Amino acid sequence: MAAARRIKTLLTVNIVVFVGIILFSVYCRLQERSPELVQIVRSADRRLRGRPHAKGLGGLSERESILQRLDHLEEVVYSQLNGLAKPMGLVEGPGGLGQGGMAATLRDDSHESETKYEEYGYNAQLSDRISLDRSIPDYRPKKTPAMIGCSFVVNREYFGEIGLLDPGMEVYGGENIELGMRVWQCGGSMEVLPCSRVAHIERTKKPYNNDIDYYAKRNALRAAEVWMDDFKSHVYMAWNIPMTNPGVDFGDVSERLALRQRLQCRSFKWYLENVYPEMRVYNNTITYGEVRNSKASGYCLDQGAEDDDKAILYPCHGMSSQLVRYSSEGLLQLGPLGSTAFLPDSKCLIDDGKGRTPTLKKCEDVLRPAQRLWDFTQNGPIISRNTGRCLEVEMSKDANFGLRLVVQRCSGQKWMIRNWIKHGRH
């Protein structure tokens, strides 16, 4: 046993030493190459300023020099760290090649293989990236709505002109998504460069305040208030909080709003149509939030288990499983918002008339549209347009918490929902 322990200890030490040697070698080579990178970028910047017709990083030769240097860095970092790397992003001002949506080719290569591309959208809470399924050759840059916040290249002067990173963001989350909205809406462009990689080994535990969700929420609301116009309601819905008095202090945004006005930035509607058409839009929402019944104080309508397709009553907790949306069409949907058109959306509450138990189904899978439609007014009944029956609560010893959801002849039960939206026109 003692011999086995010694062998295990020696093996561990050898592995640690080997990894240390590799990392030190990478560091040394980067130190040798970094002055060249700075020199090339600075010389490119000087040449750029000498051209009165050039804007941002629009000059092709400057752009190519940067991309070539990043390609050399890929040889050092990406190859030697065995693929533990993430793609670089490129942010450009007006005139950048990414703005027109045409991919710029890094090398002559007629072979184009279909792969999932490393472009990023984001969830409805603006708290996390999601991969977009845009299949293109993997060696060409392509415009992207957002990217990771830790590795991108941008002209320093242009970056200052558009306001750098928002200094009002706190602790963690949202700055990369806010930057994507701002760059695109204010005339620039954002691309991912798949052939240029940066090593990024994430820590198992982030050294931030334990309440990361609070800061992710706070920063998301801040970005929404500045850049999303009437679509900001989507972020409040996604977090299942009211638009008035949300209980989150996202700080003073007056300077960022003034920046947007000074830069004469486009609307968020333009951004959705031209940059992020995959994002789901919920502008038909009349009201949203927790839904409570007059006979069950402290309990809310809940989507229940995802694989059960049965709505339930559950102690109110305000999270996304208790997010209910009522649309102008009459749909009553339960569960978290679908962030993009190719991800599942929240399900519709159904009364098919065959039993007393309401069910949940994908809205598009309901054969008879009337089965998914309801009439609902605040502090009033919820009535199925298909059967005329009401969604109500009955006491049952066999049900969780002694409460069961049923559809039955209306008996006067009342329902209340938390938040209402006043829409502008889009």
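Here, every reference points to the structure presented above.
Residues numbered from 1 in each chain as written. Predicted model: local features only at pLDDT ≥ 70, side-chain atom pairs only at ≥ 80, totals over all residues. Heavy atoms only, no water.

(A) Representation of helix α5 (residues 212–227) within the structure. Here α5 spans 23 Å end to end across 16 residues, near enough to the 22 Å set by a 1.5 Å rise per residue. For α5, the tally of buried residues reaches twelve of 16 residues, placing the bulk of the element in the interior. Among the residues of α5, those classed as buried are Y215, A216, K217, R218, N219, A220, L221, R222, A223, A224, V226 and W227. In this fold, the buried residues of α5 make contact with α4 (175–185), α6 (233–239), α7 (254–262) and α8 (268–274). One or two positions beyond α5, positive phi appears at D229, with a value near 50°. (Helix = DSSP H or I, 4+ residues; strand = E, 2+ residues; numbered from the N terminus. Expected span 1.5 Å × (residues − 1). Buried < 20%, exposed > 50% of the residue type's maximum accessible area, 1.4 Å probe, protein only. Contact = heavy atoms within 4.5 Å.)

(B) Unusual backbone geometry, seen in detail. You will see that V171, though not glycine, has its phi angle at about 65°, which is positive. Residue placement: V171 occurs in the loop between α3 (156–161) and α4. Unlike most non-glycine residues, N240 shows phi in positive territory, near 60°. By the element assignment, N240 lies in the loop between α6 and α7.

(C) Quick look at the environment of G174. Tracing the sequence through the fold places G174 in the loop between α3 and α4. Residue G174 is classed as buried on the basis of its relative accessible area of 6%. Considered as a pair, G174 and G149 are 25 residues apart in the sequence and their alpha carbons are 8.8 Å apart. Leave out the neighbours within four places in its chain, and G174 touches L126 and M169.

(D) Just the nonpolar core, in detail. Counting 45 residues, the largest nonpolar core has L126, M181, M228, V235, F268 and Y271 as the members making the most contacts within it. For this core, the elements supplying multiple residues, two or more each, are α3, α4, α5, α6 and α8. Per-element accounting of this core gives the leading share, seven residues, to α5. In terms of nonpolar packing, the next biggest core, distinct from the first, is built from 21 residues, V324, Y326, V393 and V407 among them. (Core = buried A, V, L, I, M, F, W, Y, C linked by side-chain atoms within 4.5 Å.)

(E) Seen up close, empty space enclosed by the protein. Per the counting criterion, the structure on display carries two cavities of 30 Å³ or more. If you add up the space inside the largest cavity, you get close to 80 Å³. If you go around the largest cavity, you meet 14 residues; those closest to its centre are N123, A124, M279, R280 and S339. The class makeup of the residues in the lining of the largest cavity is nine nonpolar, four polar and one charged. (1 Å grid on protein atoms, 1.4 Å probe; cavity = no way out; pocket = protein on both sides within 12 Å on 5 of 7 lines; lining within 4 Å. Points joined across faces, edges and corners; volume = space filled by probe spheres on them. Nonpolar A, V, L, I, M, F, W, Y, C, P; charged D, E, K, R; others polar.)

(F) Inspection of α7 at higher detail. Within α7, the full set of buried residues consists of R256, L259 and R260. Buried residues of α7, viewed axially, fall in a sector of 100°; they line one side. Summarising the geometry of α7, the exposed residues directed more than 90 degrees from the buried face are E255, Q261 and R262. In this structure, the buried residues of α7 make contact with α3, α4, α5 and α8. Once α7 finishes, Q264 follows within two positions and takes phi at roughly 55°, a positive value. (Arc of directions from axis to C-beta.)

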